[in-house]
Amino acid sequence: MPLPGLCLAALLVSCAEPSSPPQQVQAANPTVTYNYRGDQELIKASQSAEVYCSKYSATARSQSITDTSDGGKSAVFECAPAAVPATSSQALIPGQTYNYQTDQELLTRTRDADAYCQSINAHSAVSVLGTNTDGSRNVSFSCATAQ
């Protein structure tokens, strides 16, 4: 009766190798990179990153900003889950001028302005960039309504 012996052998093999669920070892949110020159192009890059990330029901968050070999800069944006709340460093008031020193600060101010405008059911923030008499940079914004 070789058949029962085969069944017993098959049973032992299946018991000897317990199945385990697959284990995730790495995951990453989609990212998008833009090269830019100057503050206005950085704001446009941030807006383009938002459009790109919306395909994933996500929000663009700046991950890194680096200098490029041609004298410009490169910004990497991560598409973070939309449920991640925007962190606001302060309450922004439309029409008020805010100083910033770094590109990251400009992105934070712009993101905070967009969040504020959306909270009052306006479409988005419109930023106006400027330079102070001492050479430092500033930004002010107003909320645009959807047309």
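The rules we used
- Residues numbered from 1 in each chain as written.
- Predicted model: local features only at pLDDT ≥ 70, side-chain atom pairs only at ≥ 80, totals over all residues.
- Heavy atoms only, no water.
- Phe/Tyr/Trp six-rings, centres within 6.5 Å; stacked < 30°, edge-to-face > 60°.
- Helix = DSSP H or I, 4+ residues; strand = E, 2+ residues; numbered from the N terminus.
- Buried < 20%, exposed > 50% of the residue type's maximum accessible area, 1.4 Å probe, protein only.
- Contact = heavy atoms within 4.5 Å.
- Disulfide = S-S within 2.5 Å.

Enquirer: How should I be thinking about the packing of aromatic side chains in this particular structure?
Expert: Each pair of aromatic rings is reported with the distance of its centres and the angle of its planes. Summed over all chains, the structure comprises three aromatic pairs. With 6.3 Å between their ring centres and 65 degrees between their planes, Tyr34 and Phe77 make a pair best called edge-to-face. Of this pair, Tyr34 sits in strand E1 (residues 31–36) while Phe77 sits in strand E3 (residues 73–81); the two residues are 43 residues apart in sequence, bridging distant segments of the chain. Judged by its relative accessible area of 22%, Tyr34 falls in the partly exposed class. For Phe77, a relative accessible area of 2% translates into the label buried.

Enquirer: Is there a simple way to think about the side chain of Ser127 in this case?
Expert: Within the secondary structure, Ser127 is located in strand E5 (residues 124–131). With a relative accessible area of 19%, Ser127 lands in the buried category. Dropping the residues within four chain positions of it, Ser127 is found in contact with Ile43, Thr110, Val139, Ser140 and Phe141.

Enquirer: So what exactly am I meant to see when it comes to unusual backbone geometry here?
Expert: Leaving glycine aside, a negative phi is the common case for residues, and trans is the common case for peptide bonds. The phi angle at Ser57 is positive, at roughly 50 degrees, despite the residue not being glycine. Looking at where Ser57 falls in the secondary structure, it is placed in the loop between helix H2 (39–54) and strand E2 (58–67). Overall, the relative accessible area of 59% leaves Ser57 in the exposed class. The phi torsion at Asn121 lies on the positive side, around 65 degrees, for a residue other than glycine. Following the sequence through the fold, Asn121 ends up in the loop between helix H3 (103–119) and E5.

Enquirer: Just to check I follow, could you spell out the state of the cysteines for this structure?
Expert: Any covalent bond linking the sulfur atoms of two cysteines counts as a disulfide. The full count for this structure, using the stated rule, is two disulfides. Between the sulfur atoms of Cys53 and its disulfide partner Cys79 the distance amounts to 2.1 Å. Here Cys53 and Cys79 share a disulfide; its torsion about the S-S bond, -75 degrees, makes the bridge left-handed. Here Cys53 is found in helix H2, whereas its partner Cys79 is found in strand E3, with 26 residues between them in sequence. Residue pairing for Cys117: its cysteine sulfur links by disulfide to Cys143, the two sulfurs lying 2.0 Å apart. As the torsion about the S-S bond is roughly -80 degrees, the Cys117-Cys143 disulfide counts as left-handed. In this pair, Cys117 sits in helix H3 while Cys143 sits in strand E6 (residues 137–144), placing the two residues 26 residues apart along the sequence.

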